[in-house]
Amino acid sequence: MQRLPLACLLLTLFAATPAWSDTQDGLACDMPTDLVTPSAPLSHAAAALSKGSLSILAIGSGSTVGDNGGSNGPALMVQTPEHSFPYEMLEALQAMRPAARFNLVVQGGRSMTAEAMLPILQHELAAHQYQLVLWQTGTVEAVHGVRPDAMRSVLQDGADAAEQAQADLVLIDPLYSRFLRANADISPYETVLEQMASTPAVTLFHRYDLTQEWVNNAQVDLERVSPDLRDKTVMLLNDCLGQALARFVLAGAAEH
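Notes on the structure in this doc start here. All values derive from a computational prediction rather than experimental measurement.

1. As for the state of the cysteines
Then, number 1: Under the counting rule described, the total for this entry stands at one disulfide.
Then, number 2: Two residues, Cys29 and Cys240, share a disulfide whose sulfurs are 2.1 Å apart. Handedness of the Cys29-Cys240 disulfide follows from its S-S torsion of about 70 degrees: it is right-handed. One end of the pair, Cys29, is in the loop between helix H1 (6-14) and helix H2 (43-50); the other, Cys240, is in helix H11 (residues 230-255), with 211 residues separating them in the sequence.
Then, number 3: Overall, the relative accessible area of 1% leaves Cys29 in the buried class.

2. Digging into the pairing of strand S5 (residues 132-136)
Along any regular strand the residues' side chains alternate between the sheet's two faces.
Then, number 1: A large share of S5 lies buried, amounting to five of its five residues.
Then, number 2: Where burial is concerned, the two faces of S5 agree: the one with Leu132, Leu134 and Gln136 and the one with Val133 and Trp135 are both buried.
Then, number 3: One ladder, built from four bridges, connects strand S1 (residues 53-60) with S5; its direction is parallel. Residue pairing in the sheet places Ala58 in a bridge with Leu134 of S5.

3. Quick look at the sheet that holds S1
Then, number 1: Read from one edge of the open sheet, five strands run S4-S1-S5-S6-S7, paired in parallel fashion. Edge positions in the sheet fall to strand S4 (101-108) and strand S7 (202-205), since each has one partner strand and no second. Strand-to-strand, the axes of this sheet are offset by a mean angle of 20 degrees, without reference to chain direction.

4. Overview of the pairing of S1
Then, number 1: Within S1, eight of the eight residues are buried, leaving the element largely enclosed by the surrounding structure.
Then, number 2: Taking every second residue as pointing to the same face, both faces of S1 are buried, with Ser53, Ser55, Leu57 and Ile59 on one and Leu54, Ile56, Ala58 and Gly60 on the other.
Then, number 3: For S1 and S4, the ladder comprises eight bridges, and the chain directions are parallel. Within S4, the residue paired with Ser55 across the bridge is Asn103.

Parameters at a glance
Residues numbered from 1 in each chain as written. Predicted model: local features only at pLDDT ≥ 70, side-chain atom pairs only at ≥ 80, totals over all residues. Heavy atoms only, no water. Disulfide = S-S within 2.5 Å. Helix = DSSP H or I, 4+ residues; strand = E, 2+ residues; numbered from the N terminus. Buried < 20%, exposed > 50% of the residue type's maximum accessible area, 1.4 Å probe, protein only. Pairing = 2+ DSSP bridges. Axes fitted to C-alpha atoms, helices over the stretch in contact; angles between N-to-C directions.

Following this line, the structure appears as structure tokens:
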């Protein structure tokens, strides 16, 4: 399979009229229960929330840090560092649990692989106390054709660090994209993420399935958006993902 340059791929992922609608809950996107409920309890997050506060580390590439600004001109100049999906999750968590205190640190950077993020993750967990880690990865690896077993090894090291720090680890897989699916084989990386989710204190937030559901239901579709509505659509996507992740976290904490 021919691999496209990362900048070209990400350009197409985020530069492509949105269709969105209000659901019965007043949300812009559907939140299927099976996709906003973790497969295992988030015990460390639950214990922290029972004491009134939760510290969260979110680490990932461009969509996590809100840096989708590109080097290929103005077509991909979508930068939302204060409104990326982890920050929207934080706002949703605070609205859902107003009596609790939530602290969030976001780390990572555009085009970063899990291997590049691992030292940051390990440093943060050694230097600060977090009860929940959100780790978004897989897209950059698929684009570059990184060996899936190498990614698995890196994620295991991260999971070990989270376990030692007594933090739950939530892995977040790629966004759904027709272009990504057509130009990169993501299935080996999805398999790795699913396998990792079977290990203790690790679960997977199925961002790919969730965003595919929104595309199929004509609610938010980054590949069908005109340039004048691109920023609004990215903000909508971040808001929907933030709401979904907040529900995911609280559902996992409630299961404990």
